[in-house]
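Here is how the chains run, residue by residue.
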Amino acid sequence: MARRRARTSASKARSTGNGLDWSGDDGISHWGGGQRRPCRICGNPAFLVDDDGRPCHKVCAEAEARATTAAAEPAIPA
């Protein structure tokens, strides 16, 4: 019988430049436990959860982070 690891608190997603690093210390901190629940962004079923434990695809979270960063950057005058 396979041994299950206890889920630890989710580590904050770190930006690697190529996207968010959701690996966590134990490698499963963003795993939603095998249940597919609607993604908080797109509404399609997702196995993963965000830092707050809400269902979310990693690509959806990355797109949201890019949009937030782009909105926060000041416009460069031409």
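Described below are features of the structure shown in this document. (Residues numbered from 1 in each chain as written. Predicted model: local features only at pLDDT ≥ 70, side-chain atom pairs only at ≥ 80, totals over all residues. Heavy atoms only, no water.)

### Details of the overall build of the protein
Along its length, the protein carries 1 helix and 4 strands. Each helix and strand of the protein, ordered N terminal to C terminal, gives the series β-β-β-β-α. Out of the 78 residues in the protein, the part that is buried amounts to 24%. Counting only contacts in the protein whose residues sit at least 6 apart along the sequence, the fraction spanning at least 24 positions is 21%. (Helix = DSSP H or I, 4+ residues; strand = E, 2+ residues; numbered from the N terminus. Buried < 20%, exposed > 50% of the residue type's maximum accessible area, 1.4 Å probe, protein only. Contact = heavy atoms within 4.5 Å.)

### Examining helix α1 (residues 58-72)
When the terminal C-alpha atoms of α1 are compared, their 21 Å separation across 15 residues agrees well with the 21 Å that a helix rising 1.5 Å per residue should span. Among the residues of α1, those classed as buried are C60, A61 and E62. If you follow the buried residues of α1, they end up packed against β2 (20-21). (Expected span 1.5 Å × (residues − 1).)

### Regarding the pattern of salt bridges
Using the criterion set out here, one finds 5 salt bridges in the structure. A salt bridge links D50 to R40; its shortest N-O distance comes to 2.7 Å. Of this pair, D50 sits in the loop between β4 (45-46) and α1 while R40 sits in the loop between β3 (37-38) and β4, and the two are 10 residues apart along the sequence. Look at D50 and you get buried, because its relative accessible area is 5%. You can call R40 partly exposed: its relative accessible area is 32%. The partner of R54 in a salt bridge is D50, and the shortest N-O contact between them spans 3.3 Å. Assessed through its relative accessible area of 39%, R54 is described here as partly exposed. (Salt bridge = Lys/Arg side-chain N within 4 Å of Asp/Glu carboxyl O.)

### Description of the environment of I41
Its place among the elements puts I41 in the loop between β3 and β4. It is 8.4 Å that separates the C-alpha atoms of I41 and E64, two residues lying 23 residues apart in sequence. Sequence-distant contacts of I41, defined by excluding residues within four places in its chain, comprise C56, C60, A61 and E64.

### A look at the environment of G19
Locating G19 in the fold gives a position in the loop between β1 (14-15) and β2. Judged by relative accessible area, which is 16%, G19 ranks as buried. Once the C-alpha coordinates of G19 and K58 are considered, the two residues, 39 residues apart in sequence, prove to be 8.8 Å apart.

Geometric values such as these leave the question of function open.
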